[in-house]
Amino acid sequence: MNPLLSKLQPYPFEKLRQLFAGVSANAAYKPISLGMGEPKHPTPAFIEQALIDNINGLASYPTTIGTPALREAIAGWLQRRYQIPALDAATQILPVNGSREALFALAQTVIDPAAGSLVISPNPFYQIYEGAAYLAGAEPYFVNSDPVRNFGCDYDSVPASVWEKVKLLFLCSPGNPTGAVLTLTDWENLFALSERYDFVIAADECYSEIYHGDTPPLGAMQAAHMLGLSSVERPYARLVVFSSLSKRSNVPGMRSGFVAGDAEVLKKFLLYRTYHGGAMSPAVQAASVAAWNDETHVEDNRAQYRAKFDAITPLLQTVMDVALPDAGFYLWADVSRTGLSDTEFAQRLYAEYNVTVLPGSYLARDAHGINPGRNRIRMALVAETAEGLEAAQRIVKFCQQLSA
């Protein structure tokens, strides 16, 4: 067996299952889960119909590079959304079966396992980043998010001796679980570091279309274009961006996303994926074209999230330290004032009010003397507004009971 598998930690939801083992939820309440970030809004009917209309595609083997129609649809969306020059759909875009598998696979492509490589990850983080690093033969190096920096990471704190070993940097903007969005200054700093130390940046942007202000989150390629890095000899050098339809279009079961950016990296990634067998079903490709070409359903989806967050966040602010995030569909709350740890809070809330939240320490690692997720909880506001409000009201009762 691969000895690197022993380095993998249980997934957060397995830890949660163990936390709840032997605990009976209060049967007087209907179960409500805010634990998993799985979109619950209905899938738009036109996407379902496009999938049905193209079901005969199942009779053909798909190509790993995808259809020209899908790559052109993605290129068009990127150009419209981020106001960047049109990408070369043949060399700078690659469809993938959801951003998760592609994030994992990229590490296998860009890391030399014999080189003692490091992979930088934000902390807290999406656990795929850690697993991808380990199974590519590298070690993760965590950079803690800082509430004082709007949960941004201080990459200037990373010593040169670490940067010299870095081959890949994962980041998530808007962030999971914090909702933080990188600024143009942040990107300028990271691009300079990438050039100086020659590492690839993997920008996970799967939450980009769920935001709460009037200004869409800044994207990595958008930042690169603004800084003049889209028109150089090697456009978007060492930058690879990941996005997905799962959150944007409420189709997590379609497993449809894309990778875009540096053509040199994508050429190697395509070679890897050809052997890996990462081709998307023709029916899913056709439905994805329909989804990327429509914005009305995305605007409607965003409006639902905004209304939900506007209703729920003020309620929770009466009993815990929590703020409206820049973007995404998570609330990242500090429960310290309840007197309970994040795991105690989650366990007792489940037992007494049948509401599931995820302990923040499960999403982070001890690094540089702290676990930045400790005494925080992540709440995924993915259910319909009425159910989310009911969960919030139970949480308020629970916290008031603790302080009584």
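A few points on the structure.

**Here's the deal with a nonpolar patch on the surface**
Here's step 1: A surface patch of nonpolar side chains, about 360 Å² in accessible area, is lined by Met1, Leu5 and Leu8.
Here's step 2: With respect to the helices, strands and loops of the structure, Leu8 is situated in the segment before helix H1 (12-20).

**Topic: the sheet that holds strand S12 (residues 358-359)**
Strands pair in a sheet through their backbones, by hydrogen bonds, and they do so in one of two ways: parallel or antiparallel.
Here's step 1: Spatially, S10-S13-S12 is the arrangement adopted by the three strands of the open sheet, whose pairing is antiparallel. Across the chains shown, the open sheet's two edge strands, defined by having one partner strand only, are strand S10 (330-334) and S12.
Here's step 2: Note: S10 against strand S13 (residues 376-380), five bridges, orientation antiparallel. Residue pairing in the sheet places Asp334 in a bridge with Arg376 of S13.

**Observations concerning the environment of Ala73**
Here's step 1: Examined against the element boundaries, Ala73 turns out to sit in helix H3 (residues 68-82).
Here's step 2: The class of Ala73 is buried, set by a relative accessible area of 5%.
Here's step 3: A sequence separation of 330 residues divides Ala73 from Ser403, and the C-alpha atoms of the two residues are 54 Å apart.
Here's step 4: If sequence neighbours within four positions are ignored, Ala73 has contacts with Val289, Trp292 and Asn293.

**Digging into the state of the cysteines**
What we call a disulfide is simply a covalent bond connecting the sulfur atoms of a pair of cysteines.
Here's step 1: Tallying each qualifying case throughout the model produces zero disulfides.
Here's step 2: As a non-bridged cysteine, Cys153 has Cys172 as the owner of its nearest cysteine sulfur, 11 Å distant.
Here's step 3: The exposure class assigned to Cys153 is buried, which follows from its relative accessible area of 12%.

Parameters and conventions
Residues numbered from 1 in each chain as written. Predicted model: local features only at pLDDT ≥ 70, side-chain atom pairs only at ≥ 80, totals over all residues. Heavy atoms only, no water. Patch = residues over 30% accessible without salt bridge, like charges linked within 9 Å, V, L, I, M, F, W, Y side chains within 5 Å. Areas by Shrake-Rupley, 256 points an atom, 1.4 Å probe, with all protein chains shown as cover. Salt bridge = Lys/Arg side-chain N within 4 Å of Asp/Glu carboxyl O. Helix = DSSP H or I, 4+ residues; strand = E, 2+ residues; numbered from the N terminus. Pairing = 2+ DSSP bridges. Buried < 20%, exposed > 50% of the residue type's maximum accessible area, 1.4 Å probe, protein only. Contact = heavy atoms within 4.5 Å. Disulfide = S-S within 2.5 Å.

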